[in-house]
Amino acid sequence: MVLKNKNILVGVTGGIAAYKAAELVSTLRKMEANVRVIMTKSACEFITPVTFQTLSGFPVRHELFTDWSKNFIPHIENALWADAVAVVPATANIIGKIAHGIADDLLSTTIMACEAPVLIAPAMNEKMFKNPIVQGNIKKLKDLGYCFVEPAEGRLACGEVGKGRLAEIDAIIWYLEYVLSKKDYEGLRVLVTAGGTREPIDPVRFISNRSSGKTGYELAGALSMRGAEVVLISAPTNLKVPYGVDLINVETAREMYEACMESFDSVNMVIMCAAVADFEPADYSREKIKKDSGFEILKLKRTPDILSEMGRLKSQQFIIGFCAESQNLEENARRKLKEKNLDLIVANDITKDIFSSDTTSIIILDASNNKFKYDGISKKEAAHIILDAAIEKYRSSFEVK
Ligand code: C5P
């Protein structure tokens, strides 16, 4: 979403990982970004410009002095065009050149002329990466505002095992989205809950619900991208933890309650997206219940209502609840907003089969009777829409008083 229609200049330098930049370019194009590629001369030893030309749909250059005309100076034109630059993979050489203002080929000259954010994904032998000169250059560039995607640990092309492998492409994409995102949540610590809790009956059985956790994880990821410090308290899911998010795993409603209470005092905002079980088995059996044991009726008791407790305790916290209903959606949502002392509530109509899907339909309601309705949007879009509404309300109710 963030990368759609953005101009991304990919700089490919001469390392074995140069071929992985092809996947980056292809992924960026699928995300509807406009891509241009500049290669260094040594990168052309590892992969040909034709590959990048085909994937990006734009001629690939590496020489400084081709294509010049009165009105076209390649490095200036590219530098002005780019919304962001990604150097993938970045060798010790290009890092050193940028750090020392050396501009002796098309890529280094373009970067020197560019005011857009520059993302650098180093890939090299571990000894080279750990070399104090390289580390000093990286530190210098970080201090100047250049963004780095740390290389991963693993088997390196030279046969050694260590830190120096190019970061995963999805990590590079995440950082690109990060450098291009507004940072309207900077300075805020936000607690997000996600997933459906599990209430054990015996060591093998539990009661749970159909929540996938997707919306909560999208919210955590979007918050982290928008500059928030994020604590994600999650019931079991199959989802990948978003970058930059602190994860606390829990299983039951009671564990979620404890974890939420522990974080509550330190946060500015709570987004209670988890599908917390309303009931738990009254008695837990330590042994697996045998099917011929005569066990037929499962007695339940209520779990703590975390959101109500937070609404009761709240001081500086802005609290957002969720409400999944199969009938009288808006009426129930309004009632909960009031009863639980919330600042916003997001209502989901569960008759629209939102659980396993990547899309959702939401209604956002606030205490001033405002209502915003969105149908058939992706859960990623929903996350950003909820955060847009929340930050506006948060700033007006907590900061301008
Ligand atoms: O009252 P109801 O359970 O429908 O409210 C849903 C909202 O309350 C959700 O935000 C959910 O995360 C939260 N909740 C909770 N504790 C429970 C049950 C639900 O915080 N035990």
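In this text the structure is predicted, and so the values were computed from the model without any measurement.

Participant: For this particular structure, what's the right way to read the nonpolar core?
Facilitator: Nonpolar side chains in soluble globular proteins generally cluster together in the buried interior. Membership of the largest hydrophobic core comes to 38 residues, with the highest contact counts inside it found for Ile8, Val10, Val12, Leu28, Val37, Phe52 and Ile172. Only β1 (7-12), α1 (20-30), β2 (34-39), β3 (84-90), β4 (118-122) and α9 (169-180) provide two or more residues apiece to this core. Ranked by residues supplied to this core, first place goes to α9 with 7 residues. Grouped together as the second largest cluster of nonpolar side chains are 34 residues, Val190, Ala383, Leu387 and Tyr394 included.

Participant: Got a minute to help me understand the domain arrangement of the protein in this structure?
Facilitator: The accessible area lost on association of the parts is a frequent measure of interface size. The assigned domain composition of the protein is domain 1 (7-180) and domain 2 (189-398). If you look at the interface, domain 1 gives 5 residues, while domain 2 gives 5 residues. Summing the contributions of domain 1 and of domain 2, the shared interface buries around 580 Å²; its carbon and sulfur component is 64%. Across the domain 1-domain 2 interface, the total number found is 1 salt bridge. A salt bridge links lysine 240 to aspartate 170, with the nearest nitrogen and oxygen atoms 3.1 Å apart. Here domain 1 is connected to domain 2 by 3 residue pairs in polar contact (both at pLDDT 80 or more). In terms of residue class, the side of domain 1 that touches domain 2 is made up of 3 nonpolar, no polar and 2 charged.

Participant: Please clarify how the side chain of threonine 360 should be interpreted in this entry.
Facilitator: Among the structural elements, threonine 360 can be located in strand β18 (residues 359-366). For threonine 360, a relative accessible area of 4% translates into the label buried. Among the polar contacts made by the side chain of threonine 360, one reaches the side chain of asparagine 348 at a distance of 3.3 Å.

Thresholds applied
- Residues numbered from 1 in each chain as written.
- Predicted model: local features only at pLDDT ≥ 70, side-chain atom pairs only at ≥ 80, totals over all residues.
- Heavy atoms only, no water.
- Core = buried A, V, L, I, M, F, W, Y, C linked by side-chain atoms within 4.5 Å.
- Buried < 20%, exposed > 50% of the residue type's maximum accessible area, 1.4 Å probe, protein only.
- Helix = DSSP H or I, 4+ residues; strand = E, 2+ residues; numbered from the N terminus.
- Domains from an automatic or database assignment.
- Contact = heavy atoms within 4.5 Å.
- Buried area = accessible area lost by both parts, 1.4 Å probe.
- Salt bridge = Lys/Arg side-chain N within 4 Å of Asp/Glu carboxyl O.
- Polar contact = N/O pair within 3.5 Å; in protein donor to acceptor, adjacent residues only side chain to side chain.
- Nonpolar A, V, L, I, M, F, W, Y, C, P; charged D, E, K, R; others polar.

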